[in-house]
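Next come the chains, spelled out residue by residue.
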Amino acid sequence: MSVSSISSVSSVHWFRKGLRLHDNPALLEAARGSHTLRCVYFLDPWFAGASNRGVNRWRFLLQCLEDLDSSLRKLNSCLFVIRGQPANIFPRLFKEWKVSRLTFECDSEPFGKERDAAIKKLASEAGVEVIVKTSHTLHDLDRITELNGGQPPLTYKRFQTLVSSMEPPEPPLEPLTRELLGNCVTPISANHRERYGVPLLDELGFDTESLDPAVWPGGESEALMRLERHFGPDSNTAWKENFERPKMSSSPLLASPLGLSPYLRFGCLSCRLFYYKLTELHNKVKKNASPSISLYDKLLWREFFYTAASNNPRFDRMEGNPICIRIPWDRNPEALAKWAEAKTGFPWIDAIMTQLRQEGWIHHLARHAVACFLTRGDLWISWEEGMKVFEELLLDADWSVNAGSWLSHSCSSFFQQFFHCYCPVGFGRRIDPNGDFIRRYLPVLRDFPAKFIYDPWNAPDDVQRAAKCVIGVDYPKPMVNHAEASRLNIERMRQIYQQLSRYRGLSLLATVPSNHMEVVGANESQGATAPPTCWRTHSSTSSHTGVRREQQGASRARHSITRQRHALSHRTSPYTIQSDLTERSHEFAIPKQPGRLIWPAGGGTRRSEKEEAGLNRCHGDDGPSSSSSAPKAQDDEKMQEDAEGVAFCS
Amino acid sequence: MKRRLSREREDSPSSCEGPTDSCKRVRQPTEDSGDLPPDWARLPQEILLHIFQFLPLLDRAFASQVCRGWNEAFHMPELWRCFEFELNQPASSYLKATHPDLIKQIIKRHSNHLQYVSFKVDSSTESAEAACDILSQLVNCSLKTLGLISTARPSFMELPKSHFISALTVVFVNSKSLSSLKIDDTPVDDPSLKVLVANNSDTLKLLKMSSCPHVSPAGILCVADQCHGLRELALNYHLLSDELLLALSSEKHVHLEHLRIDVVSENPGQQFHTIKKSSWDAMVRHSPKFNLVMYFFLYEDEFGPFFRDEIPVTHLYFGRSVSKEVLGRVGMNCPRLVELVVCANGLRPLDEELIRIAERCQHLSAIGLGECEVSCSAFVEFVKMCGRRLSQLSIMEEVLIPDHKYSLDEIHWEVSKHLGRVWFPDMMPTW
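Rules used throughout
- Residues numbered from 1 in each chain as written.
- Chains lettered and ligands numbered in written order.
- Predicted model: local features only at pLDDT ≥ 70, side-chain atom pairs only at ≥ 80, totals over all residues.
- Heavy atoms only, no water.
- Contact = heavy atoms within 4.5 Å.
- Buried area = accessible area lost by both parts, 1.4 Å probe.
- Salt bridge = Lys/Arg side-chain N within 4 Å of Asp/Glu carboxyl O.
- Polar contact = N/O pair within 3.5 Å; in protein donor to acceptor, adjacent residues only side chain to side chain.
- Helix = DSSP H or I, 4+ residues; strand = E, 2+ residues; numbered from the N terminus.
- Pairing = 2+ DSSP bridges.
- Axes fitted to C-alpha atoms, helices over the stretch in contact; angles between N-to-C directions.
- Buried < 20%, exposed > 50% of the residue type's maximum accessible area, 1.4 Å probe, protein only.
- Lys, Arg positive; Asp, Glu negative; His and termini not counted.
- Arc of directions from axis to C-beta.
- UniProt positions renumbered as here; feature names shortened; annotations may be inferred.
- Left-handed = near helix turned anticlockwise from the far one by under 90°.
- Nonpolar A, V, L, I, M, F, W, Y, C, P; charged D, E, K, R; others polar.
- pLDDT = per-residue confidence, 0-100.
- Phe/Tyr/Trp six-rings, centres within 6.5 Å; stacked < 30°, edge-to-face > 60°.
- Expected span 1.5 Å × (residues − 1).
- Domains from an automatic or database assignment.
- Core = buried A, V, L, I, M, F, W, Y, C linked by side-chain atoms within 4.5 Å.

### Concerning the interface of chain A and chain B
Each partner contributes to the interface: chain A provides 89 residues, whereas chain B provides 111 residues. Both faces combined, the contact of chain A with chain B buries some 8,700 Å², and carbon together with sulfur accounts for 57% of it. Inspection of the region where chain A meets chain B yields five salt bridges. Its salt-bridge partner being Asp330 of chain A, residue Arg153 of chain B comes within 2.9 Å of it at the nearest N-O pair. Inspection of the region where chain A meets chain B yields 18 residue pairs in polar contact (both at pLDDT 80 or more). Here the side of chain A that touches chain B gets twelve residues from one element, more than from any other, and that element is helix 24 (residues 482-501) of chain A.

### Looking at unusual backbone geometry
For Lys468 of chain A, which is not glycine, the phi dihedral falls at a positive 55°. Here Lys468 of chain A shows up in the loop between helix 23 (461-466) and helix 24. A positive phi is found at Phe307 of chain B, a non-glycine position, where the angle reads about 65°. Inspection of the secondary structure assignment puts Phe307 of chain B in the loop between strand 8 (291-297) and strand 9 (315-322).

### Observations regarding the sheet that holds strand 3 (residues 79-83) of chain A
Residue and element names in this part refer to chain A. The five strands lie next to each other as 3-2-1-4-5, forming an open sheet whose pairing is parallel. Since the sheet does not close on itself, it has two edges, and those belong to strand 3 and strand 5 (129-133), each with one partner. Mean inter-strand twist for the sheet, computed between neighbouring axes without regard to direction, equals 25°. Bridge count between strand 1 (residues 10-15) and strand 4 (residues 101-105): four bridges; the pairing is parallel.

### Some details on the side chain of Asp122 of chain B
Mapped onto the elements, Asp122 of chain B comes out in the loop between strand 2 (116-121) and helix 7 (125-137). No salt bridge forms around the buried Asp122 of chain B; measuring N to O, its nearest opposite-charge neighbour Arg331 of chain A is 8.0 Å away. At 2.9 Å, the side chain of Asp122 of chain B forms a polar contact with the side chain of Ser124 of chain B. For Asp122 of chain B, the contacting residues outside a window of four places in its chain are Leu87, Asn88, Gln89, Ser92, Ser93, Ser127, Thr151, Arg153 and Ser155 of chain B.

### Here we look at helix 6 (residues 100-110) of chain B
Residues and elements named next belong to chain B. Regarding helix 6, the residues found buried are Leu102, Ile103, Ile106, Ile107 and His110. The buried residues of helix 6 occupy one face: seen down the axis, they fall within an arc of 135°. Facing away from the buried side of helix 6, by more than 90 degrees, are the exposed residues Pro100, Lys104 and Lys108.

### Let's talk about the UniProt feature "site: Electron transfer via tryptophanyl radical" (unreviewed entry) in chain A
Mapped onto the present numbering, the UniProt feature "site: Electron transfer via tryptophanyl radical" (unreviewed entry) falls on Trp329, Trp383 and Trp406 of chain A. These annotated residues cover 78 residues of sequence, but their C-alpha atoms sit close together, with the largest distance between any two at 13.8 Å. When its relative accessible area of 1% is taken as the criterion, Trp329 of chain A is described as buried. Those residues in contact with Trp329 of chain A that sit more than four places away from it in its chain are Met318, Thr375, Arg376, Trp380, Ile381, Ser382, Trp383, Ser410 and Ser412 of chain A together with Ser92, Ser93 and Tyr94 of chain B. Checked against the element boundaries, Trp383 of chain A lands in helix 18 (residues 383-393). Given the relative accessible area of 0%, Trp383 of chain A is considered buried. Excluding residues that lie within four positions of it along the chain, Trp383 of chain A makes contacts with Phe315, Asp316, Arg317, Met318, Cys324, Trp329, Thr375, Ala403, Trp406, Leu407, Ser410 and Ser412 of chain A.

### So, the packing of helix 15 (residues 333-340) of chain A against helix 18 of chain A
Residues and elements named next belong to chain A. Direction vectors running N to C along helix 15 and helix 18 enclose 35°, while the axes themselves pass 11 Å from each other. Note on packing geometry: the crossing formed by helix 15 with helix 18 is right-handed. In contact with Leu336, Trp339 and Ala340 of helix 15, helix 18 contributes Glu385, Gly386, Val389 and Phe390. The residue makeup of the contact of helix 15 with helix 18, split by class, is five nonpolar, one polar and one charged.

### Side note on the confidence of the model for chain B
Low pLDDT marks regions whose predicted coordinates should not be analysed in detail. Residue and element names in this part refer to chain B. Confidence in the prediction of chain B, expressed as mean pLDDT, is 87, and 91% of residues score 70 or more. In the model, residues 1-33 has pLDDT below 50 throughout and makes 45 contacts with residues more than four positions away in sequence or in other chains. Taken together, the chains of this predicted complex give a pTM of 0.82 and an interface ipTM of 0.85.

### Comments concerning the packing of aromatic side chains
Residues and elements named next belong to chain A. Applying the stated criterion across every chain yields a total of 54 aromatic pairs over all chains. For the pair Tyr275 and Tyr296, a centre-to-centre distance of 4.1 Å together with 20° between the ring planes defines the contact as stacked. Of the two residues, Tyr275 sits in helix 13 (residues 271-285) while Tyr296 sits in the loop between helix 13 and helix 14 (297-309), which places them 21 residues apart along the sequence. Looking at Tyr296, the relative accessible area reads 6%, which means it is buried.

### Concerning helix 16 (residues 408-419) of chain B
Residues and elements named next belong to chain B. Counted at 1.5 Å a residue, the expected span for helix 16 with its twelve residues is 16 Å, and the 17 Å between its end C-alpha atoms agrees. Taken together, the buried positions of helix 16 are occupied by Ile411, His412, Glu414, Val415, Ser416, His418 and Leu419. Where helix 16 is buried, its residues meet helix 15 (376-386), strand 13 (392-395) and strand 14 (400-401). Just beyond helix 16, the residue with positive phi is Gly420, at close to 75°.

### What about the pattern of salt bridges?
All names here are of chain A. Scanning the entire structure with this criterion turns up 41 salt bridges over all chains. Notably, a salt bridge pairs Lys343 with Glu341, separated by 3.7 Å at the nearest N-O pair. Among the ionic pairs, Arg494 bridges to Glu491, the shortest N-O distance being 2.8 Å. Here Arg494 and its partner Glu491 are both found in helix 24, three residues apart, which amounts to about one turn of the helix. This pair shows no difference in class: Arg494 is buried, exactly as Glu491 is.

### Let's talk about the domain arrangement of chain A
Residue and element names in this part refer to chain A. Structurally, chain A comprises domain 1 (7-136), domain 2 (137-172 + 221-311) and domain 3 (333-499). Roughly 1,900 Å² is buried in total at the junction of domain 2 and domain 3, and carbon and sulfur atoms are behind 70% of that figure. Counting the surface domain 2 buries against domain 3, the share from its top three residues, Leu253, Arg265 and Phe305, is 33%. In this structure, the connection of domain 2 to domain 3 is made through one salt bridge. In this structure, the connection of domain 2 to domain 3 is made through six residue pairs in polar contact (both at pLDDT 80 or more). Taken together, the elements giving at least two residues each to the side of domain 2 that touches domain 3 come down to helix 12 (261-266) and helix 14. Element by element, the count of residues in the side of domain 2 that touches domain 3 is highest for helix 14, at six residues. Looking at the side of domain 2 that touches domain 3 residue by residue, the class counts come to 13 nonpolar, three polar and three charged.

### Side note on the sheet that holds strand 7 (residues 258-264) of chain B
Residue and element names in this part refer to chain B. Ordered by their spatial adjacency, twelve strands build an open sheet running 1-2-3-4-5-6-7-8-9-10-11-13, and the pairing between neighbours is parallel. Edge positions in the open sheet fall to strand 1 (82-87) and strand 13, since each of these has one partner strand only. Across the sheet, the mean angle separating the axes of adjacent strands is 10° when strand polarity is ignored. Here four bridges tie strand 8 to strand 9, and the two strands are oriented parallel to one another. By the bridge assignment for strand 9, Met294 is matched with Leu316.

### With respect to the domain arrangement of chain B
Considered domain by domain, chain B is made up of domain 1 (43-79) and domain 2 (313-318 + 336-430). Each of domain 1 of chain B and domain 2 of chain B was reduced to a C-alpha centroid, and the two centroids are 53 Å apart.

### With respect to the nonpolar core
Trp339 of chain A together with Phe119, Leu146, Phe318 and Phe379 of chain B are the most contacted members of the largest nonpolar core, which totals 283 residues. For Phe119 of chain B, the contacting residues outside a window of four places in its chain are Phe85, Leu87, Ala131, Ile134, Leu135, Leu146, Gly147, Leu148 and Ile149 of chain B. Ranked by size, the runner-up nonpolar core spans 19 residues in total, among them Ile82, Phe90, Phe94 and Phe104 of chain A.

What follows is the structure in structure tokens.
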């Protein structure tokens, strides 16, 4: 029995992200040919108090919902904010509202997918037709994964290549209007406000007394206004704002009235609308050239992380996450708290963290700075901890994008220059030499001369007294010696990467695995299910799973040779190992980035087969069970490695 | 049999969780023993040993419970040559530690078999103490390599020096054929190095002791004077002296292969001594192929004494901001340079400096640039001059400043062309 044959179609559109009326294909589906339409949003007030989302994020969300409600009211409809969990409440709604159609935007994230599958099941049990449309991302992410041979690409370059080989994203759809609604009505009960109204922030248990006005007001109307200003009449200014590198001033570090990232996160703004506006602007400013893919970098990085996370429920963890390198991070709650509460004693770091807490947004360079400082740069604290703090405070922190960025910043995945740490003094000074940004967010340092504002502990006593700020009294002393910490940390990262790349020479750069595939097998936690991992240096099947699985025979042979060499070298001199291995390391040299599709030379295709083989292998193990076997093989694998006597050469 | 297995599994010495899988694997043959030839136990020891070498420790432990023969194989010395002790506290680490029972077992039954031992220690003092406790019990073994590795903040430094020294010297005195020793970030001191020299001077080949503040130049000189087989040495700049270089280039001494120097500033404005060119020349004459790896973590104004004269550095790493001027001197005075990493530089482009380095450092094959600026055309010129010998080229995208000749989109083609392989700049996420 087809649902549409029933005389009366009663639709529910379920808002989650995608809090907008423009370019909302699922919403249009809900309106199409329906007699009634109800737009719902689920909010669990109990969850609100208990969750670790900060007040800025809740305020932004509620503003989005209010805006949505008022826009819907202009269409004689309104928003139903339902208190509770979808899985508990949908079955009742289906009955009560005689629902025949349920529509929502596709959620690509693992937990969203799980939740949606459960709701789909409930809907089908209730005889409700479900329509799902992709509109939070530019592309259908499954298509990208499919194009890459069934696994998400793991470098951004690879991702760019795939995307540029695809059709451009679909153009944005028109907004929902009265005309499109036609005869479709929204039945509103008298007690709608009490039952389904948008709650106030204090109803969710937040203290609103001491709250500053929102720097980032939520909602679709605000988003569209910003977009309009962004691409306003003065296209040259807009171009500069978007594409030219900011320099020598604090202004890019401040919240811009044109900023859009939180709006993209909550779906107040369609990424496809933004995409087409960018293209338009490009064509206006650079009339001759066709837009290069880097034009869309901001959108594509987001898309890249969504894709990478789509099939990986442990994307936000180190343990059990097949694409994450295991790094022996320090567990240090006090140091973490100093970072999160802007008490590190490094003005540049503390100003950024203050801005984040107050306003809910920081510039991407600032994100690099604080993330590097917390993890591989200075404090050696797990990126997962930093990710949680961002999740609480950052308006645009989405599960995939947030975790993905932290994986990158901490050099835990997606290959980075681990040898380059952002200096908590020098980096900020390069961007904003005068330190206006610091003065704004750390008024206590306001009177320091520019010369010392990034390292006030180096200021002579009289300068500190003149600035009415004595370091160690009015503002903390630096919590670490950056030179010493970065020396230690780079050495640790070098050792970790060295083990991964199985490179034993002296070169620091050569230890950065040049192809992400090598790291895919890096997580030991695959232990039992995937015996081979890169951590075992020379055991027979181990080393090359990632890269050259189809050559197992050959690689096995080579390993036995290496093994003998090692055995011998213990008797003679361990030093022959190094030169041997240094030479051998060239075998592993793989082009820097997987740009195979556009670069026919150099045996690219063979490599991509290997790459796929590696990926398949790893992802085959990426089941929920993989975590259970996690800690298993640790000791033993390392022993195995040591058995080859390469524990710490070089 | 089954009952025994499951009982023993519980008090199995291994620390690891999730043993069910491996257990099943082992149990399978015993349960189906009716169908299988029953002479597994008669597998020759050497074959068994070979198989065991491929098994993780936990699996070996399970296998050892199958029969007496396998149990004997489990304890064969060959399987206990190497061990890495992982010493972590739940309060300071996310990683699991080697189980205390396993440690006891090893000390009791296998310490005399150990040859290659390392300790991975987290940031807690307890872990460092535990490492010392184990060390001081290694009395009847003969270690060839020993590594003390801090995986987070160095914790050995927090121990009472005497406690650490006495544990370490137990190993020095008892293992008379130590060849490799890695003791970075520890409170090792001159007298303990004397003990090392007295017992292991004939065998010592590798010594890594970066950031050991209690060692003096005289202490390390004593090692270089006596240990003529030393081929690899890592230390901080304050221990480096002309005398040390001369001792390492004396006729009695074998060719040095690697020398790693960390130049770290403890407080801004620190003064550093200079090393004579003649001392470096002596080194190069004696060990023409030796690698000199230098890591600099200095403030910009502390570079005064460095790169004034020719220096045989091969791998050069600038961890903090370094001035254009110093990089200019690098181009002039580092003819043996193989790898150069510059993490940060001022706001002026490094164009001429790079070109000069390409011109004069004929062996340069790896370069990494972080927060620096280079114009696209100068960079292309640099790559063109170095050509295919540039095997590692790691450049942040922001480093490259587009100019009239090349845009950012064009540069990867141009550079790829000169390198003969696909190349892209490194990118950080913008989100």
